[in-house]
Amino acid sequence: MMQEKIGFYDQIARNKRNSFILILAIFLVFLLIGYIVGKIAGPGYFFIVMIISIIFSLIYILIGYYKSDKIAIASVNAKPASPHEYKQYHNIIEGLCIASGLPKPRLYIMESEQINAFASGRNPENAVICFTTGALRKLDKHEIEGVVAHELSHIANYDIRFMTLTAILVGMVAIISEIFLRSMWLSSRDDNGKANIILLIIGVILALLAPLVVQLVSLAISRKREFMADASAVKFTRYPSGLISALKKIKNDKPMREHQISQAVAPLFISDPFKRIYGLFQTHPPIDERIRVLESM
């Protein structure tokens, strides 16, 4: 049975649409929990909670957003890639940047036998790409091109900016839920009306579940962005075989030791460096599924 062909433009459009729907779902959960808190505690209380959550979320996220490239590079102890020592690495990226119209990102390497790579930075002008030494040694030219194209796609699609927005919404939901639950313990209100009690129970359940739900949605968005980067990589290179071959080698590679890098940086890599299988809690889609989609293009 022949596999149905999927155009990379269709794949990109589909994943953009799905990502938008998922982030809208996070926003709706945020509005719902805000509505419940407002009904239980009053609009004045909700306004105060909203201001506090926005301030804390923005401070935390914006620091990470504007320093994302430096934080990511420092956390994996990466070093600048010398143009003389890593000439092919530079040449491949320069060629793809010219073809795609993107500025050349700063290039780094990190010491690791595992085949992996990541991109970071708030926009194309402040982007970095980092390859492991294992990737540069074990992948051939076409495979490196496929991986580079994938990482350039994250930069071109402004994925760091998009995921920052997602993180802000997730953080705000978590903070509002935490403040609401703590206030319930400290509250001395005597409202015993049946409607108020039912509303309070709904509010507590929602406050407990909302952070988990939005985190799961956030992870689903992350997986969609990986599919979109794969499809965009095909648009850059015009052939999927290099990335497919690289993903097959990554699949058969050994997992990275957990003390080598921070868990927080793991979602940035082209595949989960720890090779965890957590179902809905995965930051990346299964490699077999990514290969199947690429082979259908």
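The rules behind each value
- Residues numbered from 1 in each chain as written.
- Predicted model: local features only at pLDDT ≥ 70, side-chain atom pairs only at ≥ 80, totals over all residues.
- Heavy atoms only, no water.
- Helix = DSSP H or I, 4+ residues; strand = E, 2+ residues; numbered from the N terminus.
- Buried < 20%, exposed > 50% of the residue type's maximum accessible area, 1.4 Å probe, protein only.
- Contact = heavy atoms within 4.5 Å.
- Areas by Shrake-Rupley, 256 points an atom, 1.4 Å probe, with all protein chains shown as cover.
- Phe/Tyr/Trp six-rings, centres within 6.5 Å; stacked < 30°, edge-to-face > 60°.
- Axes fitted to C-alpha atoms, helices over the stretch in contact; angles between N-to-C directions.
- Parallel < 35°, antiparallel > 145°, perpendicular 65-115°, else oblique.
- Nonpolar A, V, L, I, M, F, W, Y, C, P; charged D, E, K, R; others polar.
- Salt bridge = Lys/Arg side-chain N within 4 Å of Asp/Glu carboxyl O.
- Pairing = 2+ DSSP bridges.

**Remarks on the overall build of the protein chain**
Phase 1 of the analysis: Along the protein chain, the regular secondary structure elements total ten helices and four strands.
Phase 2 of the analysis: What you see in the protein chain, going N to C, is helices and strands ordered as α-α-α-β-α-β-β-β-α-α-α-α-α-α.
Phase 3 of the analysis: Of all 297 residues assigned to the protein chain, the portion counted as buried reaches 51%.
Phase 4 of the analysis: Put simply, 74% of the contacts in the protein chain that link residues at least 6 apart link residues at least 24 apart.
Phase 5 of the analysis: By element, 65% of the accessible surface of the protein chain is carried by carbon and sulfur atoms, the whole surface being about 15,200 Å².

**Thoughts on the packing of aromatic side chains**
Phase 1 of the analysis: Counting across every chain of the model gives two aromatic pairs.
Phase 2 of the analysis: Taking the centre distance of 5.1 Å and the plane angle of 55 degrees together, the rings of Tyr89 and Phe131 count as tilted. With Tyr89 in helix H4 (residues 87–100) and Phe131 in strand E4 (residues 128–132), the pair connects residues that are 42 residues apart, well separated along the chain.

**Here's the deal with the packing of helix H6 (residues 141–156) against helix H9 (residues 241–251)**
Phase 1 of the analysis: Contact geometry for H6 and H9: axes closest at 7 Å, N-to-C directions at 95 degrees. One way to sum up the angle between H6 and H9 is to call them roughly perpendicular. Across from His142, Glu143, Gly146, Val147 and His150 in H6, the residues of H9 making contact are Gly242, Leu243, Ser245, Ala246 and Lys249.
Phase 2 of the analysis: Broken down by class, the residue content of the contact of H6 with H9 amounts to three nonpolar, five polar and two charged.

**Some thoughts on the pattern of salt bridges**
Any two side chains of opposite charge can pair, on the condition that their charged atoms come close.
Phase 1 of the analysis: A complete count under the given rule lists 13 salt bridges for this structure.
Phase 2 of the analysis: Measuring nitrogen to oxygen at the nearest pair gives 2.8 Å for the salt bridge that ties Glu94 to Lys104. One end of the pair, Glu94, is in helix H4; the other, Lys104, is in the loop between H4 and strand E2 (106–110), and ten residues separate them in sequence.
Phase 3 of the analysis: Given a relative accessible area of 37%, Lys104 falls into the partly exposed group.

**Describing the sheet that holds strand E3 (residues 117–120)**
Phase 1 of the analysis: Overall, mixed pairing links the four strands, which are arranged E1-E2-E4-E3 in an open sheet. Both edges of this open sheet fall to strand E1 (79–80) and E3, since each of them pairs with a single strand only.
Phase 2 of the analysis: In this sheet, E2 lies alongside E1 in antiparallel orientation, the contact comprising two bridges. Each residue of the ladder has a partner; that of Lys79, found in E2, is Ile109.
Phase 3 of the analysis: Docked against the sheet, helix H3 (residues 68–75) engages E2, E3 and E4, running at close to 150 degrees with respect to E3.

**What to know about the pairing of E2**
Phase 1 of the analysis: Where burial is concerned, most of E2 is hidden: four out of the five residues are buried.
Phase 2 of the analysis: Pairing of E2 with E4, which is carried by five bridges, proceeds in the parallel orientation. Residue pairing across strands places Met110 opposite Thr132, the latter belonging to E4.

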